[in-house]
Amino acid sequence: QVQLVESGGGLVQPGGSLKLSCAASGNVFSINIMGWYRQAPGKQRELVATITSSGSTDYADSVKGRFTISRDNAKNTVSLQMNSLLPEETAVYYCNAFVIPHGLVWGQGIQVTVSS
């Protein structure tokens, strides 16, 4: 069994920064792609950013230049540095990972609120 646990969420003012982290624990042989998604109230879950085991990244157009995804393969962690946050980016943020031998695993989600 494997778990993904997110941390670092909370309340931040518009224009502020926040860093999310996600750690995988349990029976992890290796992790392929890792990513961050978010779901705002009343909206579908959407991709924020992904990163492969070799470090290749992909971002939603709306966050390019403001968000940075990174990972530590030795520690099985992925992080998301979020700068210049907007109120409309208030959402529950989820990390996921394709974990060998388990397949796609999701974290429980963490709230990010951007408000003054």
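The structure reproduced in this document is the subject of the present report.

**Some points on unusual backbone geometry**
Right, on to step 1. Residue P101 follows I100 across a cis peptide bond; omega there is 10°.
Right, on to step 2. With respect to the helices and strands, P101 occurs in the loop between β9 (91–100) and β10 (103–106).
Right, on to step 3. One non-glycine residue, N76, adopts positive backbone phi at about 55°.
Right, on to step 4. The phi dihedral of S84 is positive, around 50°, even though this residue is not glycine.
Right, on to step 5. Within the secondary structure, S84 is located in the loop between β8 (77–82) and β9.

**A few points about the nonpolar core**
As a rule of thumb, nonpolar side chains are buried together in soluble globular proteins.
Right, on to step 1. The biggest cluster of nonpolar side chains holds 33 residues, and the ones touching the most others in it are W36, L80, M82 and Y93.
Right, on to step 2. When contributions to this core are tallied by element, the ones reaching two or more residues are β1 (2–7), β3 (18–26), β4 (30–39), β5 (46–51), β7 (67–72), β8, β9 and β11 (110–114).
Right, on to step 3. Looking at which element gives the most residues to this core, the answer is β9, with 5 residues.
Right, on to step 4. Excluding its chain neighbours within four sequence positions, the residues that come into contact with L80 are L18, K19, L20, W36, V48, A49, F67, T68, I69 and Y93.

**Concerning the sheet that holds β1**
Right, on to step 1. Read from one edge of the open sheet, 4 strands run β1-β3-β8-β7, paired in antiparallel fashion. The open sheet has two edge strands, β1 and β7, and neither has a second partner. Averaged over all pairs of adjacent strands, the angle between strand axes in this sheet comes to 15°, irrespective of strand direction.
Right, on to step 2. Pairing geometry for β3 and β8, over 6 bridges, is antiparallel. Opposite A23, over in β8, you have T77 as the bridge partner.

**Re the pattern of salt bridges**
Right, on to step 1. A complete count under the given rule lists 4 salt bridges for this structure.
Right, on to step 2. Between R38 and E46 there is a salt bridge, with the nearest N and O atoms lying 2.7 Å from each other.
Right, on to step 3. Assessed through its relative accessible area of 37%, E46 is described here as partly exposed.
Right, on to step 4. For K64, the salt bridge goes to D61, with nearest N and O atoms at 3.1 Å.
Right, on to step 5. Overlapping salt bridges bring together R38, E46, R66 and E89 as one network.

**Some details on the environment of V63**
Right, on to step 1. Along the chain, the position of V63 falls in the loop between β6 (57–59) and β7.
Right, on to step 2. On the basis of relative accessible area, V63 is assigned to the buried category, the value being 0%.
Right, on to step 3. In sequence terms V63 and K43 are 20 residues apart; their C-alpha atoms lie 17 Å from each other.

Conventions adopted
Residues numbered from 1 in each chain as written. Predicted model: local features only at pLDDT ≥ 70, side-chain atom pairs only at ≥ 80, totals over all residues. Heavy atoms only, no water. Helix = DSSP H or I, 4+ residues; strand = E, 2+ residues; numbered from the N terminus. Core = buried A, V, L, I, M, F, W, Y, C linked by side-chain atoms within 4.5 Å. Buried < 20%, exposed > 50% of the residue type's maximum accessible area, 1.4 Å probe, protein only. Contact = heavy atoms within 4.5 Å. Pairing = 2+ DSSP bridges. Axes fitted to C-alpha atoms, helices over the stretch in contact; angles between N-to-C directions. Salt bridge = Lys/Arg side-chain N within 4 Å of Asp/Glu carboxyl O.

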